[in-house]
Structures are given as structure tokens and as C-alpha cells.
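Okay, here's what each chain looks like letter by letter:
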Amino acid sequence: MQFATSAERQVPAVLAGPILRKTLSDRLCFWLAVRAPASVRLEFFPSDAPVQSYELRPHTEELACLRAGEQLFYLMIDLRLRTELQKETLIGYRLSLQLSDDPSGAWQDHESWAEDFCYPGWETPFLRVPDKVSSVMHGSCRKPHSQCRDGLVAADRLVAECLTAPDGGDRIANTLPEMLVLSGDQVYVDDVAGPMLQAIMFLAGALGLPDESFEGPDQGLPHTGAQLRETGGCLYHRDRLLPKIDQKSTVFDVLFGGTNKPVFTSAHARNHLITLGEMLSMYLLVWSPAAWSMLPELTAPESLDDEDRAMYAREQDTLRDFVKGLGNVRRLLAHIPTAMIFDDHDVTDDWNLSLAWEDAAYAHPLSRRVIGNALIAYGINQGWGNRPAKIRKDLGSLFQTALAQTGTDAHDEAIDHILGYESWDFIWPTQPPLIALDTRTRRWRSEKNARYPSGLLDWEAATDLQTKLRGQDAVLLVSAAPIFGVKLIEVVQRFFTLIGKPLMVDAEYWMAHPGTASAILNIFQHRDTPRHFVILSGDVHYSFVYDVELRNGHSARHRTTQIDPKIWQICSSGIKNRWPDRLIAALDHGNRWAFSPRSPLNWLTKRRGMRIVPRKPQGTPGGRRILNAAGIGVVELDDQGAPTRILQLSAEGRSYAFERREAEARLD
């Protein structure tokens, strides 16, 4: 596989971004990936106030800068405004860069980066500071080579429609969304298309990202990132590089079917990313079209067999369509504040599923390195913008050490510290507040069996959550996995857990661990439970909505006013991923039959003291309560933080409103 050199193709000034992360009246945060250190000029153009202008220098409190390679630098703008911006109005802004490698010293703005950066009718991008959150877009699971369209492109269309269609006209949303919440699997580090892996390896070399040595099997296979590139990347055969566990012949073999099992449990790990440079390059290629402009024409390597060659061709066709939409994705992320939290595929499939999984994965140097690299890439590209000041203070020097000394003991020591970090969760002071849970690194390990799934939150994390909820009347809670899931699927997950095969069905759900189940249900039934509790989830690759009501006046505070807390479990998944239609239809019908309102099976689960009312996605066949449509979810809220409208906008352009079905309510 012959790659062009970086000299043959110019590196764009902006490789990804700007991504708008936070919009508060006195504070704004942006993230960018650029080719050189840069000073930043930010100008804001309120309609009824003077222009505000700021010039920021790198390596200051308001402009952090990380060096990842010869031509890749990350900028995090954390700007405290001199004068608060007016709320509930669209305010134009211009972000300009003065790159250190430009001898002219000229300032470059969006007109230099892209022709499609602004929405129709606007000469600059804009932002809005909400007084109260009235509309949220949310979703998860965006796999570039999934054979469905991109829900983020649909989200961009929705924003454009809100700007151009008249109020009260024939438009999907009643108001411009104030926030985009991405609840996990924004990238698939463990499941990469062959052409995408080629693009990643080329980009890592072209940007001068440091080479990285790693400990692999002694079979004449590559042991550095450079060797991987030189040998074609081991397309569709990277599972040969990944570590395996040798187990003695015990009950483990009876349950799992043999020895020499893979540490990485993804069924699609044949192109699993390994090096830090690969993972950083992946983010550039899924968030912006800029890096794709550097690539040569990608072709299938001659070494592929017929089966892999056919797969390569299918993936290449799908990726071409994906790349066509990246201009829309870049525009969306520059205008709508975006919150992000990880799930497993951002790191690897089944990440921290059980104590046994952790013991195997973290004991091997290569698997520990791969997981650590993915977490560093997540921290730089996603987590940093959620808590800019804290992440910079806690992890900034560790990130820079890993970037500057890849493949060394210092790199591994940085990973050791980052793997123990417990502040990935966050709260944004919106109205209502947005609280995102870390359900991956703060888990409650099973005391019964090391192979049983761990609880998604440990006791300390649940206590922290209760503290954050105290005194709130309404809250937007982000949980990667639904807290109230589809019962039939949870029963299947529990069955495979009991027979010792939780990995076969991704048996990760809130009620799987008795301690976690009790803790989260006690939070809902606490006297200080918020009156309105909107749970935004993803993970499962289908969408559904349940209205959940506490029974028997569990909340003393609300019992005095005869109002019990109400919970809405809203799941939107995936942005670009979905189930086979026939399989999801069978599970949907089976769930309605097995857990109808009068079914005695309802009493066999742990969600006691609640009333569950399902919602039907309008426009789907009779009997359907699960929607199998890649896209983006939209939740519109009233002034008290209660949903007034819940819908899924499919990537194909259809919208499905979820209608409450009171007659199908069941006690739970």
C-alpha cells in the first residue's frame, strides 16, 4: 500500500472543529484540532450590544494547547466573558486563528477553512445562551461503516429547518435545540472498516504523530505503529496482534468453550485500533471533512483474500456516503453546545464488564496500553470539553507526557494514573441541570462471581449522584445504558449471566447487580427526588420511551402536595447503527406478550413500587413499541423541565413522535 507523503498534500489549518462545548452567559468553551500552535481571536456580535473581542495566546489559562505531533495540536478555549451575553437570542461569532507556522502572521477565520460552515442567511456561525433548556437533541452509537445514514446529518438539517421555516409552519421541531447530548460510542475504536483503517494510518504518518512500540505476540508480526503502516496495517487480521489468555482446563473451559480466549471480546476486533496515534486520527476523520482532503485514493491491498476484498468494497461505498455528510456534522458541532460521555466502544467492547474481564485486560501490557490509549484519546477529544478546567488541571500534564513519550515507560505510567481517574462524570449548570453519569469506570464489582457483570455505579458514585440531585426540581440525567430497559431483553441477559456467558449478550444493564439496582431505585424513591426526572440513554441500537411513575407516595416531600415524582426514560440509539429489522420486531412483540399489564412475570423483576407506561412511535405498525431507525432523538421541555414532546428524527428524514399508551401501563 503506497501512501502519499505529507509534502505532497497540504495539511489544513483546522483539522477538526471548532466544536462548541459550553454556552453560559459568562463563559464559553470551544475545542479545535489544528496543524500548528495558534493564537485565537474571538468576536461576538450581539444584536443590541457592542461587539465583544478577545485575543488569546496559547498556554494561558483561557487557551490550553497540547502538542500531539509535528502537525497536530489541540486547542481548548475556556473563555470567561467581560460582559455577559444576552440569553435566548442568536449571537453571531467569529473565531480566527493566527498560526505559528504562517510567516505572514495573518488571521484566518471560517471563510478560509470551509465554504459550508454557516447556515443559510448567516455570514458567521452563531450561538445561543439559553435561559431554560426547552429542546435537547440526543443520541449514541455512531459507527461510520454501518449501512444506514448518519443521524448527525439529520440533526444538522433540523437546525437549518428551525432557522428557515416560519414559526407554526410545517416543521419538525417547535424550537431550535439548545443542546446536543452524545451518550456514548461516539467512535468505535474496536470496530473499524478496512478503508477507514487505511485512512487512519496514512493520516497518523502525514501529521507526524510519534511512532509507538508495543508488546505483541512473537510471530514475526509488527511491534510498532510504523511497522503496521509499512506492512499494510494487518487489515482484517489485527486480532492476531491482540493478547489472549491461557486458562487451565477448569469450569471456565466448560462455560466458555476452550482455552486461549481473546482479551478483547469485540466480535469485530479484526481492525481494532492499537496505537495512540491511530486513535487520535480516528477522531479527526469522524468529526470533520478536513483531514479527508489529505488522503490519496484508497484501494484494497493485493494481499486481501476474496472474502475480505468484498467486505472492503462494501465498506468503501458506505464510507464515501459518510464522508459526504461530514461538512454538515462540522457545521452542527460549531453551533450547538455538545456534551459527550463514553460508553464501551469509545474504548473497547465490554469495557469493564466484570471483575474477571478487568483482571484479564489490565494484567496484559498490550491490552492495558490499548485501553489506556483509547481513554487518553477520549479525554483529549471528548472528556476535556465537559470539564475544561478540571480535566486540564488533573490530566493535562499526563496527556502531554503520553503524547510526547509514546511507547515508553513514561507513557505507561501516565496510563496507570489515567486508568484510576474517577472524575469523568460531570454536571452542567443549565436549567434544568444536565448530569452525565460515568457508568464505565466507577463500577460495583460482583461479590458472588467474578464473571458476573459489575453494577454500573458503585455505592460511592450513587451517593455522589444523590448529593447532586438534592434540591433540584428537575434534572436531565445522562446514562449510557437505559435505567429502565426492555424487560424481555433484560431477561435474556440475565439468563446468559446465570449460565456463565454474559459476554455473549452484552449483559450490562442497571438491574443486573443487586447493589446498584437497590441504590438507583432508592434514589428515585428518596424524599428529595426531583419532581421531573428525564433520563437520556442510548447504547442499545433501538429507541423507546417509558413514562415511569412512583406509586404509593414514596416521596414525603411531594406527598404533601399530592404530586409524586415523574420519570421519563428516553432512549435514542443509534445515530448510525441499528438492529436487523426482523430480530427487533420479534423481540418487540415478544416483550409485549410476555410482559403485558396482567403478566405475572412483571413481579419477577427488581423494579418494585413503580408504574410503567410505554409509548408507541407513531407511524409504525400496530403492536410496535420499539423503533428501529438510526437518527437523532429530540426532547422538548416545558418551563418545569417536563417533556411536552418526544420524537426520533430518522437519518432518512422521517420523524416519529412517541405517544403515551395509558391502557398498556403495568405495575413494576
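Shown above is the structure to which this text applies.
Below is a short write-up of the structure.

Here is what the cut-offs are and how they apply
- Residues numbered from 1 in each chain as written.
- Predicted model: local features only at pLDDT ≥ 70, side-chain atom pairs only at ≥ 80, totals over all residues.
- Heavy atoms only, no water.
- Helix = DSSP H or I, 4+ residues; strand = E, 2+ residues; numbered from the N terminus.
- Buried < 20%, exposed > 50% of the residue type's maximum accessible area, 1.4 Å probe, protein only.
- Contact = heavy atoms within 4.5 Å.
- Areas by Shrake-Rupley, 256 points an atom, 1.4 Å probe, with all protein chains shown as cover.
- Core = buried A, V, L, I, M, F, W, Y, C linked by side-chain atoms within 4.5 Å.
- Pairing = 2+ DSSP bridges.
- Axes fitted to C-alpha atoms, helices over the stretch in contact; angles between N-to-C directions.
- Parallel < 35°, antiparallel > 145°, perpendicular 65-115°, else oblique.
- Nonpolar A, V, L, I, M, F, W, Y, C, P; charged D, E, K, R; others polar.
- Salt bridge = Lys/Arg side-chain N within 4 Å of Asp/Glu carboxyl O.
- Expected span 1.5 Å × (residues − 1).
- Phe/Tyr/Trp six-rings, centres within 6.5 Å; stacked < 30°, edge-to-face > 60°.

## As for the overall build of the protein chain
Here's step 1: Of the regular secondary structure elements, the protein chain holds 17 helices and 24 strands.
Here's step 2: The 668 residues of the protein chain split such that 63% are buried.
Here's step 3: Sequence separation of at least 24 residues holds for 77% of the intrachain contacts in the protein chain that already meet a minimum separation of 6.
Here's step 4: Within the structure as shown, the protein chain displays about 25100 Å² of accessible surface, and the carbon and sulfur contribution to it stands at 49%.

## A short note on unusual backbone geometry
Here's step 1: In this chain, glycine 17 is followed by proline 18 through a cis amide linkage whose omega measures 0°.
Here's step 2: With respect to the helices, strands and loops of the structure, proline 18 is situated in strand E1 (residues 14-24).
Here's step 3: Serine 573 connects to glycine 574 through a cis peptide bond whose omega is -5°.
Here's step 4: Positive phi values are uncommon outside glycine, yet asparagine 352 reaches one of about 60°.
Here's step 5: Along the chain, asparagine 352 falls in the loop between strand E13 (338-340) and helix H9 (355-363).
Here's step 6: Among the residues examined, asparagine 352 registers a relative accessible area of 4% and is labelled buried.

## Topic: the nonpolar core
Here's step 1: Counting residues in each nonpolar core, the largest one holds 133 residues, and the members touching the most others are Tyr74, Met137, Met196 and Trp424.
Here's step 2: The dominant element in this core, judged by the number of residues it contributes, is helix H10 (residues 365-386), at 10 residues.

## Re the pairing of strand E17 (residues 532-537)
Two faces make up the sheet, and in a regular strand the side chains alternate between them.
Here's step 1: A large share of E17 lies buried, amounting to 6 of its 6 residues.
Here's step 2: Side chains of E17 alternate between two faces, with His532, Val534 and Leu536 and Phe533, Ile535 and Ser537 buried alike.
Here's step 3: Here strand E16 (residues 474-478) pairs with E17 via 5 bridges, running parallel. Within E17, the residue paired with leucine 476 across the bridge is valine 534.
Here's step 4: By the bridge criterion, 6 bridges tie E17 to strand E19 (residues 566-571) in an arrangement that is parallel. By the bridge assignment for E19, valine 534 is matched with tryptophan 568.

## With respect to the sheet that holds strand E7 (residues 90-99)
Here's step 1: With respect to topology, 4 strands assemble into an open sheet ordered E4-E3-E7-E8, the strand pairing being antiparallel. For this open sheet the edge positions go to strand E4 (52-56) and strand E8 (126-128), each flanked by a neighbour on one side alone. Each neighbouring strand pair of the sheet contributes to a mean axis angle of 25°, computed without reference to strand direction.
Here's step 2: Relative to E8, E7 is paired through 3 bridges, and the arrangement is antiparallel. Residue pairing across strands places isoleucine 91 opposite leucine 127, the latter belonging to E8.

## Observations regarding the packing of helix H6 (residues 276-287) against helix H8 (residues 326-335)
Here's step 1: For the pair H6 and H8, the least separation of the axes is 8 Å and the interaxial angle reads 95°. In terms of orientation, H6 lies roughly perpendicular with respect to H8. Mapping the contact onto sequence places Leu285, Val286 and Trp287 in H6 and Leu326, Val329, Arg330 and Leu333 in H8.
Here's step 2: Of the residues assigned to the contact of H6 with H8, the class counts are 6 nonpolar, no polar and 1 charged.

## A closer look at the pattern of salt bridges
Here's step 1: With the rule as written, the count across this model stands at 38 salt bridges.
Here's step 2: Where arginine 331 meets aspartate 156, a salt bridge forms, and the shortest distance between an N and an O atom there is 2.8 Å. Note that arginine 331 is positioned in helix H8 and aspartate 156 in helix H2 (residues 151-164), a separation of 175 residues in sequence. The burial state of arginine 331 is the same as that of aspartate 156; both residues are buried.
Here's step 3: Linking aspartate 344 and arginine 440 is a salt bridge whose minimum nitrogen-to-oxygen distance equals 3.9 Å.

## What about the side chain of threonine 124?
Here's step 1: Inspection of the secondary structure assignment puts threonine 124 in the loop between helix H1 (110-113) and E8.
Here's step 2: Once residues lying within four places of it in the same chain are set aside, the contact partners of threonine 124 are Gly92, Tyr93, Arg94, His110 and Cys118.

## A word on helix H3 (residues 194-206)
Here's step 1: In this model H3 runs 19 Å from its N-terminal to its C-terminal C-alpha over 13 residues, within 8% of the 18 Å that 1.5 Å per residue would give.
Here's step 2: The buried count for H3 comes to 12 of 13 residues, which makes it a mostly enclosed element.
Here's step 3: Listed in full, the buried residues belonging to H3 are Gly194, Pro195, Met196, Leu197, Gln198, Ala199, Ile200, Met201, Phe202, Leu203, Ala204 and Ala206.
Here's step 4: Taken together, the buried residues of H3 touch helix H4 (225-230), H6 and helix H7 (306-324).
Here's step 5: Just beyond H3, the residue with positive phi is glycine 208, at close to 70°.

## Some words on the sheet that holds E1
Here's step 1: An order of E1-E2-E6-E5 is seen for the 4 strands of this open sheet, with the pairing classed as antiparallel. Pairing within the sheet leaves two strands with one partner each, and these edge strands are E1 and strand E5 (63-69). If you compare each strand with its neighbour and ignore which way they point, the axes differ by 10° on average.
Here's step 2: Relative to strand E6 (residues 72-80), strand E2 (residues 27-34) runs antiparallel, the two sharing 8 bridges. Its bridge partner lying in E6, arginine 27 is registered against arginine 80.
Here's step 3: Strand contacts of H6: E1, E2, E5 and E6, with the helix running at about 80° to E1, the strand carrying the most contacts.
Here's step 4: Lying over the sheet, helix H11 (residues 388-404) contacts E1, E2, E5 and E6, oriented at roughly 25° with respect to E5.

## Examining the environment of tryptophan 444
Here's step 1: Mapped onto the elements of the fold, tryptophan 444 is located in the loop between strand E15 (434-436) and helix H13 (459-469).
Here's step 2: Distance from tryptophan 444 to histidine 513, taken between C-alpha atoms, is 7.8 Å for residues 69 residues apart in sequence.
Here's step 3: Among all residues touching tryptophan 444, those that are not within four sequence positions of it are Ser454, Gly455, Leu457, Asp458, Trp459, His513, Gly515 and Thr516.

## With respect to the environment of aspartate 412
Here's step 1: Checked against the element boundaries, aspartate 412 lands in helix H12 (residues 409-419).
Here's step 2: Taking the C-alpha atoms as reference, aspartate 412 lies 9.5 Å from asparagine 373; in sequence the two are 39 residues apart.

## Focus on the packing of aromatic side chains
Here's step 1: One pass over the full model with this rule turns up 21 aromatic pairs.
Here's step 2: Ring centres of tryptophan 122 and phenylalanine 126 lie 4.9 Å apart, and the angle between their planes is 40°; on these two criteria the pair is classed as tilted.
Here's step 3: The exposure class assigned to phenylalanine 126 is buried, which follows from its relative accessible area of 1%.
Here's step 4: Centre to centre, the rings of phenylalanine 342 and tyrosine 378 are 4.7 Å apart; their planes meet at 50°, and the pair counts as tilted. On the criterion of sequence distance, the pair formed by phenylalanine 342 in the loop between E13 and H9 and tyrosine 378 in helix H10 is long-range, its members being 36 residues apart.
Here's step 5: Take phenylalanine 342: its relative accessible area is 1%, and that puts it in the buried class.
Here's step 6: With a relative accessible area of 0%, tyrosine 378 lands in the buried category.
Here's step 7: Through successive ring pairs, a cluster of aromatic residues spans Phe342, Trp351, Tyr378, Tyr421 and Trp424.

Read these as geometric descriptors, not functional statements.
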